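Understanding the architecture of this molecule
Read off the chains here:
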Amino acid sequence: VAMVDDDQVVVPEWLEEMVAVQRRTGADAVTAPVYPRFPPDAPAFLTDQGFAELWGTPPKDDGAPVTDLQTANSMIRSSFLVAHPDVRFSHDLGKAGGEDMVFYRGALDAGLRGHYSHNAVNWEYYEGDRATWRYQLRRSLWHGNTMAVTELRAGRAGRFRLVARAVKRGLGNLVVAPLRRLGGGQAPRLRYAVTESLVGVGLLLGAAGVRLDHR
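All of these numbers come straight from a predicted model, not from anything done at the bench. Every chain is numbered on its own, with residues counted from 1 as its sequence reads. Reporting of local features is limited, given that this is a predicted model, to residues whose pLDDT is at least 70; pairs of side-chain atoms are given and counted only at 80 or more, and all residues count toward the totals for whole chains, interfaces and linings. For side-chain calculations, the full set of non-hydrogen atoms in the structure is used, while hydrogens and water are omitted.

**A short note on the overall build of the protein chain**
The condition is simple: Helix and strand labels come from DSSP, where a helix needs a run of H or I of at least four residues and a strand needs a run of E of at least two; each type is numbered from the N terminus. The atom set for the radius of gyration is the C-alpha atoms, and the globule formula is 2.2 Å times the number of residues raised to the power 0.38. Buried residues are those whose accessible area, probed at 1.4 Å on protein chains only, stays under 20% of the maximum for their type, while exposed residues exceed 50% and partly exposed ones sit between those limits. By the convention used here, residues are in contact when the closest approach between their heavy atoms is within 4.5 Å. The method behind every accessible area is Shrake-Rupley, applied with a 1.4 Å probe, and residues are considered shielded solely by the protein chains displayed. Residues scored as positive are Lys and Arg, those scored as negative are Asp and Glu, and His as well as the terminal groups of each chain are ignored. A charged residue contributes its charge at one atom only: NZ of Lys, CZ of Arg, CG of Asp or CD of Glu.
Helix and strand counts for the protein chain stand at seven helices and eight strands. Its C-alpha atoms give the protein chain a radius of gyration of 18 Å, within 12% of the compact-globule value 17 Å for 215 residues. Overall size of the protein chain, expressed as C-alpha extent along the three principal axes, is 50 × 40 × 30 Å. When the 215 residues of the protein chain are sorted by exposure, 44% land in the buried category. The long-range fraction of contacts in the protein chain, counting pairs at least 24 apart against all pairs at least 6 apart in sequence, stands at 80%. Surface summary for the protein chain: the accessible area is close to 11,100 Å², and the carbon and sulfur share equals 57%. If you average the places of the 26 positive and of the 24 negative side-chain charges in the protein chain, the two averages end up 7 Å apart.

**Quick word on the environment of valine 19**
Locating valine 19 in the fold gives a position in helix H1 (residues 14–25). Owing to a relative accessible area of 25%, valine 19 belongs among the partly exposed residues under this scheme.

**Overview of the sheet that holds strand S1 (residues 2–4)**
Cut-off, in case you're wondering: Criterion used throughout: strands pair if DSSP finds at least two bridges between them.
Reading across from one edge, S1-S6-S3-S7-S5 is the order of the five strands in this open sheet, with mixed pairing throughout. Of all the strands in the sheet, just S1 and strand S5 (65–66) have a single pairing partner and so form its edges. Pairing of strand S3 (residues 29–31) with strand S6 (residues 73–76), which is carried by three bridges, proceeds in the antiparallel orientation. Within S6, the position partnered with valine 30 by the bridge is methionine 75.

**Topic: the pattern of salt bridges**
Quick note on the threshold: The salt bridge criterion pairs a side-chain nitrogen of Lys or Arg with a carboxyl oxygen of Asp or Glu, the two atoms within 4 Å.
In the structure shown here, the tally under the stated rule is ten salt bridges. Ionic pairing is found between glutamate 124 and arginine 130, a salt bridge with its closest N-O pair at 3.1 Å. The shortest N-O distance in the salt bridge between glutamate 196 and arginine 169 comes to 3.9 Å. Of the two residues, glutamate 196 sits in helix H7 (residues 190–207) while arginine 169 sits in helix H6 (residues 159–183), which places them 27 residues apart along the sequence. Each of Asp7, Glu124, Arg130 and Arg139 takes part in a single network of salt bridges with overlapping partners.

**Side note on helix H5 (residues 133–154)**
Which entries qualify depends on this criterion: For a helix, the expected span equals 1.5 Å multiplied by the number of residues minus one.
Helix length check: H5 (22 residues) gives 31 Å between terminal C-alpha atoms against 32 Å at 1.5 Å per residue, within 8%. One or two residues past the end of H5 sits glycine 155, with phi positive at roughly 70°.

**Brief notes about the packing of H5 against H7**
The condition is simple: All axes are obtained by fitting lines to C-alpha atoms, using only the stretch in contact for helices, and the reported angles, taken between N-to-C directions, cover 0 to 180 degrees. Two helices that cross are described as forming a left-handed crossing if the nearer one is turned anticlockwise from the farther one by less than a right angle, and a right-handed crossing if clockwise.
Two elements in contact, H5 and H7, have axes separated by 7 Å at closest approach and are oriented at 35°. Pair H5 / H7 crosses with right-handed handedness. On H7, the residues touching Trp133, Gln136, Leu137, Ser140, Leu141, His143, Gly144, Asn145, Met147, Ala148 and Leu152 of H5 are Arg191, Val194, Thr195, Glu196, Leu198, Val199, Val201, Gly202, Leu203, Leu205, Gly206 and Ala207.

**A closer look at the sheet that holds strand S4 (residues 34–37)**
One open sheet holds the three strands; their spatial order is S2-S8-S4, and the pairing between them is mixed. Edge positions in the sheet fall to strand S2 (8–10) and S4, since each has one partner strand and no second. Direction aside, the axes of adjacent strands within the sheet are offset by 30° on average.

**Side note on the pairing of S4**
The two faces of S4 differ: Val34 and Pro36 on one face are buried, but Tyr35 and Arg37 on the other face are not. With four bridges joining them, S4 and strand S8 (residues 122–125) adopt parallel strand pairing. For valine 34, the partnering residue across the bridge sits in S8 and is asparagine 122.

**A word on a nonpolar patch on the surface**
To be explicit about the condition: Put simply, a patch holds well-exposed residues, over 30% relative accessible area, that have no salt bridge, with like charges counted together within 9 Å and Val, Leu, Ile, Met, Phe, Trp or Tyr side chains within 5 Å.
There is a patch of nonpolar side chains on the surface, built from Val163, Val167, Leu171, Leu174, Val175, Val176, Leu179, Leu182, Val194 and Leu204 and spanning about 780 Å² of accessible area. Taken together, the elements giving at least two residues each to the nonpolar patch come down to H6 and H7. Ranked by residues supplied to the nonpolar patch, first place goes to H6 with eight residues. Following the sequence through the fold, valine 167 ends up in helix H6. Given a relative accessible area of 40%, valine 167 falls into the partly exposed group.

See the structure below:
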């Protein structure tokens, strides 16, 4: 079963690359990178300040084992799903998001072996009102919130640990990263710093039991 999000476009060789990694590694699931793509008329800061950097699974060697999979770009054996009827999506996370991360973490706990395809790339297009700073702010806030909700659901982190991560990520992105760039003679990328700091705010909200609607 191969899947991508409905706002993404895959490269022509996408399925062949997925299958090639699965055959070579014997994987139960294969995941691959998702890259953002902005239209030519998008504000310059979206491409100049780091917003065009990778979202999702970081780049790895082709065929490398992974423990971070996402349905936004992945393939899983149907036989694994049949053999593990308890590994299913959590419907109550449908609007909050993160159900794919909880799903794959449950599958990993059940013995799933995941591997990475470097070449089965897909592109997430940011057009219209998505090619704005406001949208990026909202996405970062939601992303941090989803991380907290899914970490708590999967039992991978407690609330105190999430709070510590939130403070570290928030201050690190808002203060430390711009100062480090300035010290190296680079522009501080303030819009990007503020946007990334909202991941920490989302983590704090999630640790406090707040779920933000993704839709």
